[in-house]
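Architecture at a glance
Spelled out, the chains give:
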Amino acid sequence: MADAIRTEALTKYFGQVVALETLNLSVGPGEVYGFLGPNGSGKTTTIRILLDLVRATSGRALVDGLDCRTASVEIRRRIGYLPAEMPLYREMTGAGYLDFLAALESRPVDFSYRRKLLSRFDVSDVDLRRRLDRLSHGMKRKFGIIQALMGRPSLLILDEPTSGLDPLMIEAFAETVHELKTEGRTTIFLSSHVLSEVERLCDRVGIIRRGQLVRETSIADLRRDTPRRLRVFFDGPAPRPPASLAGAVRRSDARHWDLEWSGPLGTALDAMRGLPVSDIEIEPFKLEDYVLKIYSGTEGARD
Amino acid sequence: MAALLSAFQILDIVVAYNLQAKGVYGQFASLVPAFIQEAMGGVLVGSFSGAIALGFAHPLVMLSLSCVAIYLASEPAGEVEDGLVDLVVARPVPRSLIVTRSALVFIVGSAAIVAAMFVTSRVTVRWLSPATASALPALRLAWVAANLLAIVWCLGAAALALASHVRERTRAAGTVAIVAVFLYLLQFGAAAWTPLRPFARVSPFHYYEPMRTLLGSMSPVKDIAGLLGATAVLLGVSAVLYSKRDL
């Protein structure tokens, strides 16, 4: 089965500026893929090439095995898209906006699903009748999410989907993604700066920096490979670390050690057996720490 | 704009009727320099027929109409500028449809305005001077209107071509509007200064002689065909530019 998204040596120059350079990535069908990178790294350019809004300088992008350039209309039949900057026809009402965009879809919009989304994202009939320029930023964003989802596309491309949403709506969005993931019919390509959201929702992440993919990995692998931070407290003065832990101790003082441990935690705990340990704090895995290193260029090797 | 330009037709014909009634046309015409009369279509201001033609040849009428078409045609650049194109073209909408839609909007929009002007002019002349209306067949006025429309379409198509390439609506519309004014002045200047005449051929306004058309002394078919040909070429250029551009 063809990849839902595949790019092959995708390169894009805007004049002298390199936006993408030989970008190779693949996203499997039904996968939730987090596409991360600092501002200006090429995320939006990649998305816009997939939608044929921007033309690649060289290389190609494929969706379901179809070339985004030569079969763009067919590809766009399958895509639901939420842009990072939500463009609106200001004088339209919310309902008019959704109807207008539904009319541009080639497949019939499932209105019962649309009603379900409106209810989930707490969009009332009053909101639907209001002009878009009178809505709050968060409400406009909700309309953006609904218009992307309402056609039940097989590929969802979401650029900063939860920007401006309140925690309750972020939860509603997460619930929707989980639902789609469970159904398994929709591939989700999600670009976000909210790393906790990516960590929670995505199966895999690709990290792009200066137009190049510097890392592509699964969240599960990242959890396994990323060193865990532990703080071990002792009853009384901290002892000398045993040889098996010595390499992992980053800092120690009179009462505790700070460790960065790679590999199964059980091995570290075994090594502490017999020591006067009073407490252990284990910092939860944070994608943020890892990604920040890559953004800053201190960790860049690709898998 | 349709209401405004239609009102202009009424005002123009009412004033012409009063001048005719008072028999001061001769005096009025002598006040207008010959080159201006020539630039505006020969004996334009010297007769009631001339006044009817003036409703379709006054610089304000021609430039206002052109500006409407230019503004409507520059929509593709506006959509790129404010990002609306992202939502529309991200759906299964062929790019050619965006150009076709914009072309239809400016073509139909400007045609509707000119049609309103034509009907208003005709009805007002019939009301005030049935004899003049009988002497000037509707078909001749229709040719004048069609010639004017062809100029407007040509400029609209130029705006669409530029809007299919640039990212700012003001850049597309502003540039073509300024060029339109320049081309009008070029044609106007050529009437006063002979050395300019060869250059006036590049101006669409050069291919418009409302007075002679209205009096039946010339057929504007060739001029209209030339302007429509240029419009078609510019529409083709628009489609090609839009199909290749980054949105």
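Just so we're clear, the structure is a prediction, and the values are computed from it rather than from any experiment.

1. Remarks on the overall build of chain A
Helix and strand counts for chain A stand at 12 helices and 14 strands. Along the three orthogonal principal directions, the C-alpha set of chain A runs to about 70 × 45 × 35 Å. When each of the 303 residues of chain A is scored for burial, the buried share is 35%. Once local pairs closer than 6 in sequence are excluded, the contacts in chain A between residues at least 24 apart make up 70%.

2. A short note on the overall build of chain B
Secondary structure summary: chain B contains 14 helices and zero strands in total. In terms of C-alpha radius of gyration, chain B reaches 19 Å, essentially the compact-globule figure of 18 Å for 247 residues. The principal-axis extents of the C-alpha atoms in chain B amount to approximately 65 × 40 × 30 Å. For chain B, with 247 residues in total, the buried portion stands at 47%. Within chain B, contacts between residues separated by at least 24 positions form 76% of all contacts whose residues are at least 6 apart in sequence.

3. With respect to the pairing of strand S3 (residues 32–36) of chain A
All names here are of chain A. Taken across its five residues, S3 has five buried, putting it largely inside the fold. Neither face of S3 is left uncovered, since the one carrying Val32, Gly34 and Leu36 and the one carrying Tyr33 and Phe35 both have all their residues buried. As judged from the four bridges shared by S3 and strand S8 (residues 187–191), these two strands associate in the parallel manner. Looking at the pairing, Val32 lines up with Ile188 of S8.

4. Details of the packing of helix H10 (residues 138–163) of chain B against helix H11 (residues 169–192) of chain B
Residue and element names in this part refer to chain B. At a minimum axis separation of 9 Å, H10 and H11 run at an interaxial angle of 145 degrees. In this structure, the crossing between H10 and H11 has a hand that is right-handed. Counted together, Leu155, Ala158, Ala159, Leu162 and Ala163 of H10 and Arg169, Ala172, Ala173, Thr175, Val176 and Ala180 of H11 form the full contact between these two elements. Split into classes, the residues belonging to the contact of H10 with H11 amount to nine nonpolar, one polar and one charged.

5. Considerations on the sheet that holds strand S7 (residues 155–159) of chain A
All names here are of chain A. Pairing within the open sheet is mixed, and its six strands lie in the order S6-S7-S8-S3-S9-S10. Edge strands, defined here as strands with exactly one partner in the open sheet, are strand S6 (79–82) and strand S10 (212–218). When the angles between neighbouring strand axes are averaged without regard to direction, this sheet yields 15 degrees. Across the sheet, helix H12 (residues 287–296) is in contact with S3, strand S9 (204–209) and S10; its angle to S9 comes to roughly 25 degrees.

6. Structural notes on the nonpolar core
Of all hydrophobic cores here, the largest spans 136 residues; its most connected members are Ala159 and Leu160 of chain B. Broken down by element, this core gets its largest block of residues, 19 residues, from H10 of chain B. Among the nonpolar cores identified, the runner-up in size contains six residues, and Leu230, Trp257, Ala268 and Met272 of chain A belong to it.

7. Here's the deal with the environment of Val176 of chain B
All names here are of chain B. Its place among the elements puts Val176 in helix H11. Judged by the 26 C-beta atoms lying within 10 Å of it, Val176 falls in the buried class. Those residues within four positions of Val176 in sequence are excluded, and the remaining contacts are Ile70, Leu155, Ala158, Ala159 and Leu162.

8. Section: the sheet that holds strand S2 (residues 17–27) of chain A
All names here are of chain A. Strand order in the open sheet formed by four strands is S2-S1-S4-S5, and the pairing between neighbours is antiparallel. What marks the edges here is a single partner per strand, and that holds for S2 and strand S5 (66–67). Pairing analysis gives five bridges linking strand S1 (residues 5–14) to strand S4 (residues 58–63), with the strands arranged antiparallel. Within S4, the position partnered with Glu8 by the bridge is Arg60.

9. Examining the confidence of the model for chain B
On average, residues of chain B carry a pLDDT of 88, and 93% of them reach 70 or more. Within chain B, the lowest mean pLDDT, 68, falls on helix H3 (residues 34–39) of chain B, and the highest, 96, falls on helix H14 (residues 221–244) of chain B.

10. Considering the domain arrangement of chain A
When the domains of chain A are assigned, the result is domain 1 (5–220) and domain 2 (227–284). A C-alpha centroid distance of 43 Å is found between domain 1 of chain A and domain 2 of chain A.

11. Some remarks on unusual backbone geometry
Residues and elements named next belong to chain A. At Ala9, a residue that is not glycine, the phi angle is positive and equals roughly 50 degrees. Residue position: Ala9 is located in strand S1. Judged by the 13 C-beta atoms lying within 10 Å of it, Ala9 falls in the partly exposed class. Even without being a glycine, Arg152 presents a positive backbone phi close to 45 degrees. Of note, Arg152 is situated in the loop between helix H6 (137–149) and S7.

12. Things to note about the packing of helix H3 (residues 94–104) of chain A against H6 of chain A
All names here are of chain A. Two numbers describe how H3 lies on H6: the axes approach to 10 Å, and their chain directions differ by 25 degrees. When the axis of H3 is compared with that of H6, the two are roughly parallel. Taken as a pair, H3 and H6 cross one another with a handedness that is right-handed. For the pair formed by H3 and H6, the contact residues are Gly94, Tyr97, Leu98 and Leu101 on the first element and Phe143, Ile146 and Gln147 on the second. Grouping the constituent residues of the contact of H3 with H6 by class yields five nonpolar, two polar and no charged.

The rules we used
- Residues numbered from 1 in each chain as written.
- Chains lettered and ligands numbered in written order.
- Predicted model: local features only at pLDDT ≥ 70, side-chain atom pairs only at ≥ 80, totals over all residues.
- Helix = DSSP H or I, 4+ residues; strand = E, 2+ residues; numbered from the N terminus.
- Buried ≥ 20, exposed ≤ 12 C-beta atoms within 10 Å, placed from the backbone.
- Contact = placed C-beta atoms within 7 Å.
- Rg over C-alpha atoms; globule rule 2.2 N^0.38 Å.
- Pairing = 2+ DSSP bridges.
- Axes fitted to C-alpha atoms, helices over the stretch in contact; angles between N-to-C directions.
- Left-handed = near helix turned anticlockwise from the far one by under 90°.
- Nonpolar A, V, L, I, M, F, W, Y, C, P; charged D, E, K, R; others polar.
- Core = buried A, V, L, I, M, F, W, Y, C linked by C-beta atoms within 7 Å.
- pLDDT = per-residue confidence, 0-100.
- Domains from an automatic or database assignment.
- Parallel < 35°, antiparallel > 145°, perpendicular 65-115°, else oblique.

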